[in-house]
Amino acid sequence: MSQTEIRRHQESVTIQASAESIYDLVSDITRTGEWSPVCTRCWWEDDISAGQVGAWFTGRNELPHRTWETRSQVVAAERGREFAWVVGGDRVRWGYTLTPAGTGTTLTESWDFLPGGIAMFEEKFGADAPAQILDRTRQALQGIPQTLAAIKRIAESGTSRENDRS
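The paragraphs below set out a description of the structure included in this document. Since the model is a prediction, treat every value here as computed from it, not as a measurement.

The rules behind each value
- Residues numbered from 1 in each chain as written.
- Predicted model: local features only at pLDDT ≥ 70, side-chain atom pairs only at ≥ 80, totals over all residues.
- Heavy atoms only, no water.
- Salt bridge = Lys/Arg side-chain N within 4 Å of Asp/Glu carboxyl O.
- Buried < 20%, exposed > 50% of the residue type's maximum accessible area, 1.4 Å probe, protein only.
- Pairing = 2+ DSSP bridges.
- Helix = DSSP H or I, 4+ residues; strand = E, 2+ residues; numbered from the N terminus.
- Expected span 1.5 Å × (residues − 1).
- Bend = angle between axes of the 7 residues up to and from the residue.
- Axes fitted to C-alpha atoms, helices over the stretch in contact; angles between N-to-C directions.
- Contact = heavy atoms within 4.5 Å.
- Parallel < 35°, antiparallel > 145°, perpendicular 65-115°, else oblique.
- Left-handed = near helix turned anticlockwise from the far one by under 90°.
- Nonpolar A, V, L, I, M, F, W, Y, C, P; charged D, E, K, R; others polar.
- Phe/Tyr/Trp six-rings, centres within 6.5 Å; stacked < 30°, edge-to-face > 60°.
- Lys NZ or Arg CZ within 6 Å of the ring centre and 35° of its normal.

Bringing the pattern of salt bridges into the picture now. All told, the structure shown has 10 salt bridges when counted by the stated rule. Across the salt bridge formed by Arg31 and Glu34, the nearest N and O atoms sit 2.8 Å from each other. On the accessibility criterion, Arg31 (6% relative accessible area) is buried. With relative accessibility at 39%, the residue Glu34 sits in the partly exposed group. A salt bridge links Glu78 to Arg81, with the nearest nitrogen and oxygen atoms 3.3 Å apart. Classification of Glu78 as partly exposed rests on a relative accessible area of 42%.

If you want it as structure tokens, here you go:
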């Protein structure tokens, strides 16, 4: 399958930390800039609902040639198991699932380019939509392993919130 046909992708890494501490790390969207190669900052729209299903947050993304912000809604929030959100309500689903792995946890990051996202790109970019979709697909395929490696480093280095309390 070529990158122009890929609409979903996932990769995993095993981390020597508890599923709960990793969940606490990845669900704290205010820390996303510590591990994402594109998203430099996120903030909750309402601190009261922060981290819960239905909560909205804004993310600031930066590349050398452009900067943009997106709004996302949390669609899964089960501590120690899964945290996921959908960009723009229907465009792209990003998520993390956590499963026990010996003395650690396997963290899987997933990306799903939804039909609403494809339609938005076609409407916004017209004839250039396939190239724009390919660009976003490449960013996801390159960014996921970078993100997982950074989360692993942070979680195992003692800089997760669980370790800060010890």
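Two faces, one strand: in a regular strand the side chains alternate between the faces of the sheet. Across 8 bridges, strand S3 (residues 56-63) lies against strand S4 (residues 66-78) in antiparallel orientation. In the sheet register, Arg60 faces S4, and the bridge partner there is Glu69. The antiparallel pairing of S3 with S4 creates a hairpin that spans 2 residues between the two strands. Bridge count between S4 and strand S5 (residues 82-87): 6 bridges; the pairing is antiparallel. The residue bridging Ser72 from the neighbouring strand is Val87, located in S5. Here S4 folds back onto S5, and the loop between the two strands holds 3 residues, one of which, Gly80, carries a positive phi near 85°.

Taking 1.5 Å of rise per residue, 29 residues should cover 42 Å, and helix H3 (residues 129-157) covers 41 Å from first to last C-alpha, within 8% of that figure. Of all the bends found along H3, the most pronounced is centred on Gly143 and spans about 30°, while Pro145, a proline, follows it within four residues.

Sheet architecture is open: 7 strands sit in the order S1-S7-S6-S5-S4-S3-S2, paired in antiparallel fashion. Sheet topology places strand S1 (8-15) and strand S2 (39-44) at the edges, where each strand pairs with a single neighbour. Direction aside, the axes of adjacent strands within the sheet are offset by 25° on average. Here S5 pairs with strand S6 (residues 92-101) via 6 bridges, running antiparallel. Pairing of Phe83 across the sheet is with Tyr96, part of S6. Along the sheet face, H3 touches S1, S3, S4, S6 and strand S7 (104-113) and points at about 10° away from the line of S1.

Here we take up the packing of helix H2 (residues 115-125) against H3. Orientation of H2 relative to H3, taken along the N-to-C sense of each, is 130°, at an axis distance of 8 Å. As the angle between them shows, H2 and H3 are arranged oblique. Between H2 and H3 lies a crossing of right-handed hand. The residues of H3 that touch H2, namely those facing Ile118, Phe121, Glu122 and Phe125, are Ala129, Gln132, Ile133 and Arg136. Class assignment of the residues belonging to the contact of H2 with H3 gives a composition of 5 nonpolar, 1 polar and 2 charged.

Time to look at the packing of aromatic side chains. Taken as a whole, this structure holds 8 aromatic pairs when the rule is applied. Seen in terms of ring centroids, Trp111 and Phe113 are 5.8 Å apart; in terms of plane orientation they differ by 70°. Their pairing is edge-to-face. Note on accessibility: Trp111 and Phe113 belong to one class, buried. Judged by centre distance (5.4 Å) and plane angle (35°), the rings of Phe121 and Phe125 are tilted. With Phe121 and Phe125 both in helix H2 and 4 residues apart, the pair spans about one turn of that helix. Here Phe121 falls in the buried class, since its relative accessible area comes to 8%. What links up through ring pairs into an aromatic cluster is the set Tyr23, Trp44, Phe57, Phe83, Trp85 and Tyr96. Stacked on the ring of Trp68, the Lys or Arg Arg66 has its end atom at 3.6 Å from the ring centre.

It is worth stressing that arrangement in space is one thing and function is another; only the former is reported here.
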